[in-house]
Amino acid sequence: MWYCGTITGWGYRLLSIFLSLFLFVLAATMGFADFFYYLYLLQLNEDKSPFQRIFVNQVKRCAEMARKLRFFSDQINKAGVRSSVRPALEPDIDLEELEARLGEHEHELLEMNTNSDKLQQTYNELLEFKLVLTKAGGILASSHNHATSAERELDENVYDREVDEGNAYLLEQGVHQGSSGNSGVRFVSGIILKSKALAFERMLFRATRGNMLFNQAPAGEPVTDPISGEEVEKTVFVVFFSGEQAKAKILKICDSFGASCYPVPEEMIKQRQIFNEVSARLSDLEVTLDAGIQHRNKALETVGSQLWRWTIMVKKEKAVYDTLNMLNFDVTKKCLVGEGWCPIFAKSQIKDCLQRATFHSNSQVGIIFHEMDTLESPPTYFRTDKFTNAFQEIVDAYGVARYQEANPAVYSVVTFPFLFAVMFGDWGHGICLLLGALVLILCEKKLSSQKLGSFMEMAFGGRYVILLMAIFSIYCGLIYNEFFSVPFHIFGKSAYECREKSCSDAHTAGLIKVRDPYPFGVDPSWRGSRSELPFLNSLKMKMSILMGVAQMNLGIVLSYFDARFHGNALDIRYQFIPQMIFLNSLFGYLALLILIKWCTGSQADLYHVMIYMFLDPAGDLGENQLFWGQKELQILLLLMALVAVPWMLFPKPFILKKLHKERFQGHTYRFLGTSEMDPDSEPDSARARHDDFNFGEVFVHQMIHSIEFVLGAVSNTASYLRLWALSLAHSELSTVFYEKLLLLAWG
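Residues numbered from 1 in each chain as written. Predicted model: local features only at pLDDT ≥ 70, side-chain atom pairs only at ≥ 80, totals over all residues. Heavy atoms only, no water.

The protein chain appears in an unreviewed UniProt entry as V-type proton ATPase subunit a from Panicum virgatum. Listed in UniProt under the heading Function (unreviewed entry), the comment for the protein chain reads: "Essential component of the vacuolar proton pump (V-ATPase), a multimeric enzyme that catalyzes the translocation of protons across the membranes. Required for assembly and activity of the V-ATPase." (UniProt positions renumbered as here; feature names shortened; annotations may be inferred.)

## Some points on the sheet that holds strand β6 (residues 234–241)
Strand order in the open sheet formed by four strands is β3-β6-β2-β7, with antiparallel pairing between adjacent strands. Of all the strands in the sheet, just β3 (213–218) and β7 (260–261) have a single pairing partner and so form its edges. The pairing of strand β2 (residues 186–193) with β6 spans eight bridges and is antiparallel. The residue bridging V188 from the neighbouring strand is V239, located in β6. (Pairing = 2+ DSSP bridges. Helix = DSSP H or I, 4+ residues; strand = E, 2+ residues; numbered from the N terminus.)

## Considering the pattern of salt bridges
Following the criterion strictly, the structure yields 14 salt bridges and no others. One salt bridge in this structure joins E244 and R186, with 2.2 Å as the shortest N-O distance. Here E244 is found in helix α7 (residues 244–256), whereas its partner R186 is found in strand β2, with 58 residues between them in sequence. For E244, a relative accessible area of 48% translates into the label partly exposed. Classification of R186 as partly exposed rests on a relative accessible area of 31%. The shortest N-O distance in the salt bridge between R402 and E405 comes to 2.9 Å. Here E405 falls in the buried class, since its relative accessible area comes to 17%. Within this structure, E64, R67, K68 and E106 form a network of salt bridges that share partners. (Salt bridge = Lys/Arg side-chain N within 4 Å of Asp/Glu carboxyl O. Buried < 20%, exposed > 50% of the residue type's maximum accessible area, 1.4 Å probe, protein only.)

## A short note on the nonpolar core
Nonpolar side chains in soluble globular proteins tend to be buried together. Core analysis: the biggest nonpolar cluster contains 44 residues, and V422, F582, L583, Y589, L593 and M613 have the highest contact counts within it. Listing elements by their share of this core, those giving two or more residues are α11 (409–423), α15 (463–480), α17 (532–565), α18 (569–600), α19 (606–615), α20 (630–649) and α23 (695–719). Residue contributions to this core peak at 13 residues, all from α18. Residues I139, V236, V238 and V264 belong to the second largest nonpolar core, which totals 25 residues. (Core = buried A, V, L, I, M, F, W, Y, C linked by side-chain atoms within 4.5 Å.)

Listed below in structure tokens is the structure:
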């Protein structure tokens, strides 16, 4: 079993140096430090596929039973049957009997569903037929009356029967011919979705070239579609046409639009007879469907009373077989052996659980818990709680630390919410955010048992992150002196007043300093002045650079503690030292210039200093000189930064190559022995892994790491300027919202 170390006390002292303003938060986080460095419970038997494991058939059976139980649950929810939460008292059954019973219930339920679907489809078709008979009969009756009146008008006007038949109206021609023979106008009646009626009519008109008459009427009530099973609005239609070719085209168009066609006779007597027959069949089907639904609901109630109990039983059995699949048989094939990782603090708990399992199973053979020695690196396990879990997930999204590495999530508890507050510092907005976080925390028991949306679930998971962000936003808002972009004299009077006591417009008349600086934060007199934006720009931009340099130095120092804990002197000499030299020779020097300028009140241009440090190191600084010996110091720092790059790149790969040759110089001429005596013969041993040393890969890796650090030092420092940019944008947008919206609305 492996020992899990924690971060040494120097790490916390270093954190207090860089983040001295937040010691009270750090003191709270130090209580969680010992929880972050435990091992992770690793899955066993990972080299085998699921089909190669021992109890794969039992797992398949449990998965099939779980599928049937989910099917029963879906059917119960769909039918609206209330299933009992507490299972009914029934004798215990074994897995085989439960499997047979679930199969019987599934077969019975599937058969009932099939019969019910067929009856429901027949009922829907008959209901549509009834609506078509009602509406189409009215359309045909009105058409017949129209044709009769047309005949009477033609007889009075002595209609010329020698006129071309193609020029007569289609309906009048059909009525005359329908009375004499079978060559007259025909019609097709049916029902179609209301949303498709217009496109359907247009397609019929184009297909028949206008040789048709389309009549329609709303169905009057929602109709259950026989195909989809949903209630939709439909329209009854009657299409009058002439000829067999037109009939074939119309039927094909009806089929393509999903319209249902039903035969409607022209005689009113036959229509009434068919209507009565359809109504009688509908009433019979209603009785049959009601009886089938009641029988189905009773079957679902019977299953629902035991559903919870059966689900728990199947889950337990499947969990047992999943665990057994991670184990292997010993040589005698009489017992199972399992290997894995566990946290050190959990050893006693695991032993107690195994002893209880032996007692409850009445086993005559006890379970043996044996600690093993291994050369493999243990997995990383961080023990978290509801407060630190969100911060750990944020850090794990970028990368999981190796075993016994310093966990940066401890430091992110402070740095992450504080950097947010630097960007969105407003103690009015912070109070609103604090109230929202308190609501989530106070209602966490209720919300944790509910199914939340994607946004609410993310906000609830990070409720403690939001809480710290709100607290730090209030703190930074007090520093910026912003309450919804409005300044307040919270900590006393301003240090500036008008030049004359009688002045009324302080912003244009100018201010003079009459007392000591404002005790805490930005003086409220800066708000609204002509120099507000240049002053806050300079302040926030330089503050962002200082925080970025401090946090990057913190990350490099953490690598030093990791290397010292693992006894890796190469990383300290050829990685930590040149990285610290390179970073602080350039950007650490910039941070030093910012602090000196703040303390001395100098008007030096730091842009000019940093640019000409590279372009003209020996040039005269003139007015930009902040202290004595600045030019010589800049030349020295520039040379140190240039030396640090090859220091990071070349020594480490060649030293590793030399150590590898010295260690395995006589590797071929070793004594003969068994694998137990010589660890070199073990394929997975540490010595065997050293045989795979490849100088090219090591050199390329070190080159990539060095280039990444050099470029990252520049890009990361520039990235911290986002703190300034977003803080400025937040402040200006709040000011615009207050002045251009609220003040105008209030008059």
